[in-house]
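# Structural description and commentary
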Amino acid sequence: MISLIVNKKKYEIDVSPDTPLLWVIRENLGLTGTKYGCGMAQCGACTVHINGGAVRSCVAPVSRADGQEVTTIEGLSSDLSHPLQKAWIAEDVPQCGYCQSGQIMAAAVLLRENPRPTDEDIDRAMAGNLCRCGTYPRIRKAIHRAARMIAKGGAK
Amino acid sequence: MSALEMKRRDFLRFSLAASGGLLIGFYLPGKSKLALAQDQSSNAFMPNAFVRIGTDERVTVIVNHSEMGQGVYTALPMLLAEELDADWKKVGFEPAPVDAKYNHPVFGIQATGGSTSVWSSFEQLRQAGAAARAMLIAAAAQRWGVKPATLRTASGTVFDQQNRRLTYGQLAEDAAKMTPPAKVTLKDPKTFKLIGKPVKRLDTAEKVNGKAVFGIDVKLPQMLTAVVARAPIFGAKVKSFDDSRTRTMPGVHKIVEVPSGVAVIADTFWHAKVARDALRVDWDEGTMHAFRTDQMMKQYREMAKSPGKSVRREGDPDAGFAGAARKIEAVYEFPYLAHAMMEPLNCAVDLRADSCEIWTGTQFQTVDRANAAKVVGLPDEKVQIQTTFLGGGFGRRANPHSDFVVDAIQVAKAAGVPVKVVWTREDDMQGGWYRPAFLHAIAGSLDASGNPVSWRSRLVGQSIFAGTLFESMMKEKGYDPASVEGVEDLPYAIPNLAVEYHQAEVNVPVQWWRSVGHTHTAFATECFIDELAALARKDPYQFRRPLLLKHPRHLRVLDLAAQKAGWGKPLPKGWGRGIAVHFSFESYNAQVAEVSVRDGRVMLHRIVSAMDCGRYVNPGIIAAQMEGGAVFGASAALFQELTFENGRLQQTNFHSFPMLRINECPKIETHIVQSNEKPGGIGEPGVPCAAPAIANAIFAATGKRIRKLPIRIKEAV
């Protein structure tokens, strides 16, 4: 049995400990906002937080999250109130949208660690998240916008 | 146009009766838009197949094109809402089921592709909105006992001359009893309130909170998941397989041979995948076991030495070379490319004795339904497709053989319960249907003043239409138009011109890939015109201008891109600026790229894109497509190729088939031409110019010519 706390909810799951966290989240918990893109930590579509740190859940065995706090895109806010979600909407970032959960989860860690990132900081922090639609210019803009919102007191 | 006219008349006849058949029950994780719409449908006003207005004021636009990022779930509702005078805040969307009334007005099938969605729907959806508006006005007129002509509408409300008001929701039930108008008058474009404005996309909220449902997210009651052990070589067949170890692995329900390989059906993807990987399959390798792309390209080079099928011939190209002051020849090479959508292929199927329901992100509903019906042995109308969001399409999800749908049907036949087939990234990349590899040999000549005299293009590559239901499109011309588009209509004024094509026969499955033939023809022609400019010792931008005088829309975007980029202004040391212009999918695009090269690595600094897509609908979405198109084109230019050795594809995942990452992405500016011309495409036309603009910028920075993609500076000439 693996004990998980996902988006503040407790789960006991009977699953092999080497199962990637991604598939436990998607298939056992039914939280499908976290996406499968490559299965080898190349694309970042599966990015979630374990204890606040960004993790590629497609290569992280679920045992690594045992007893830890996991946050997925569904747990970022219940009402689109997170500054990154607001900024993503304001800048019309997503196209197909498939990679965006991972992009936002990676950006959330960046902003917590560096509330006023430069373009270079963004490029460095976000280089692990692919977007085939090419939304990168808008991701940069949206992260700057979210940073401004947080600076003005919009942070949670 | 006659097909288009007919459709316009047809759809206006659809009445409320049609709505019952539109909605079928299904179950998805979370609260789906469809389920919500279904709840409200009982007392809704549905004047035609494209719109439904609820008593709760919701205006639901039923969209017959697939949303794969290009913005149709916003742009198409805008068209309808404009003429309806809807309150935009109340407008939503819903994917259309498969039905002839949702056929593409030009293609005659339900499909999304060719950057056609907006221009082909431009009148159709406006007519649908105007018809609904007329019926709402008629309902209000009856209620108030006044003449309809005395009423006006704004923001989802009908007003009379005393400013009494009734909302569309209040009128919905009465409007449903009105007769659809025989004829409607569309707005003067000068009065548009939505069309032409950078309206925010309607699908963003659910794409930033994890709620958007893609095919891979679909979950049906009792559903199992399958992963297929697929042929390692195109055309290979299962000889035998040993599932003694895998049968008892956790979660495995069934292991069955299907036409595409051996399917492992399990309770979860992960269990299916682990068991699939443990399966031992012995393959009959077929005829492709020794196939190598390097040898194929060698053959293509040989083929290009002899004349091909004549596609275009003007003047006397041979004489033009004989008497020329200066001549140059270049051979451009292009690899196979994978679409590599972020969401790998998948398809869920619920197959019953007398029905088949399919859930998938597809661009090709009518074709998929027909192919599925054939495999299950049911009439077409017993097969229904629920189109989910597509995690990228780029042409891959419009497969003439419906490969990923038929594959799932075959697995479903064996499963006995609803099943979702999921392709791993490796399965998806190795699964074929690539942008074909091409070779394009060009010879050109100049007179003593540096004016072009002769141009001969000779292309070698596979046809994407050959062997498909679209082969008839080749019959008329005698060649595959998709292989030579973009050079067949070379706009430059060159007196002696020949375009020839050798259709290569190779058993690698090929298909349309975002911007299709233009992906390679724009590169070859725009790099070669740059080479001619250098041979003439002229500025490449100024060299193009007089050759485009008969093509004012080309010229306009060329000038706009050059002006906005500051063409001719100094750049930092080591940087270069390159330009390219191209017409594709009814739109004109020019791009200027600024690059530098450091230690053999190309750094992209800035791309300035000028777009003329006629009368435009949503400039915000157009800018996004220009950004995305440039990134897509730049990814292919810098990194992407598929190569085969011993019949086996050498690339498997994003580490060996990379795409641009954010730290490699240049600043991208888009400038849109104001125009009253008829609308053109936007999904694809942003792709073709990126690669040649970059290659020409590399020449400006380093003096080296790029003649082979992906770009490798050490191979440049």
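Reading the values: the criteria
Residues numbered from 1 in each chain as written. Chains lettered and ligands numbered in written order. Predicted model: local features only at pLDDT ≥ 70, side-chain atom pairs only at ≥ 80, totals over all residues. Pairing = 2+ DSSP bridges. Helix = DSSP H or I, 4+ residues; strand = E, 2+ residues; numbered from the N terminus. Axes fitted to C-alpha atoms, helices over the stretch in contact; angles between N-to-C directions. Contact = placed C-beta atoms within 7 Å. Expected span 1.5 Å × (residues − 1). Buried ≥ 20, exposed ≤ 12 C-beta atoms within 10 Å, placed from the backbone. Domains from an automatic or database assignment. Nonpolar A, V, L, I, M, F, W, Y, C, P; charged D, E, K, R; others polar.

Another aspect to go through is the sheet that holds strand β22 (residues 575–584) of chain B. Residue and element names in this part refer to chain B. Taken in spatial order, the four strands make up an open sheet running β22-β23-β24-β27, and their pairing is mixed. Lying at the two open borders of the sheet, with one neighbouring strand each, are β22 and β27 (667–672). Across the sheet, the mean angle separating the axes of adjacent strands is 15° when strand polarity is ignored. With six bridges connecting them, strand β24 (residues 601–612) and β27 associate as parallel partners. Residue pairing in the sheet places R606 in a bridge with K667 of β27. Strands β23 (587–598), β24 and β27 of the sheet are contacted by helix α19 (residues 619–638), whose axis makes an angle of about 135° with β27.

Let us look at helix α20 (residues 690–702) of chain B. All names here are of chain B. In a regular helix each residue adds 1.5 Å, so 13 residues correspond to 18 Å; α20 covers 18 Å between its end C-alpha atoms and thus fits that length. Along α20, eleven of the 13 residues are buried, which leaves the element largely enclosed by surrounding structure. Of all the positions in α20, only A690, A691, P692, A693, I694, A695, N696, A697, I698, A700 and A701 are classed as buried. Summarising the contacts, the buried residues of α20 are in contact with α16 (518–535), α17 (540–547), β22, β23, β24 and α19.

Residues and elements named next belong to chain A. For chain A, the assigned domains read domain 1 (2–76) and domain 2 (83–154). Using C-alpha coordinates to define each centre, domain 1 is positioned 21 Å away from domain 2. Counting from both sides, the interface comprises 15 residues of domain 1 and, opposite them, 13 residues of domain 2. Only β3 (47–50), β4 (53–56) and α2 (73–76) provide two or more residues apiece to the side of domain 1 that touches domain 2. A total of three residues in the side of domain 1 that touches domain 2 trace back to one element, the largest contributor, which is β3.

If you look at the interface, chain A gives 45 residues, while chain B gives 48 residues. Counting residues per element, the ones that place at least two in the side of chain A that touches chain B are α1 (21–28), α2, α3 (83–90), α4 (100–113), α5 (119–126) and α6 (136–154) of chain A. Of the residues assigned to the side of chain A that touches chain B, the class counts are 23 nonpolar, 16 polar and six charged.

Okay, unusual backbone geometry next. All names here are of chain B. Omega for the bond connecting L709 with P710 falls within 30 degrees of zero, at -5°, which places this linkage in the cis form. Among the secondary structure elements, P710 is positioned in the segment after α20. A positive phi is found at S155, a non-glycine position, where the angle reads about 45°. One non-glycine residue with positive phi stands out, namely S402, at about 50°. According to the C-beta neighbour criterion, S402 is buried, with 26 such atoms within 10 Å.

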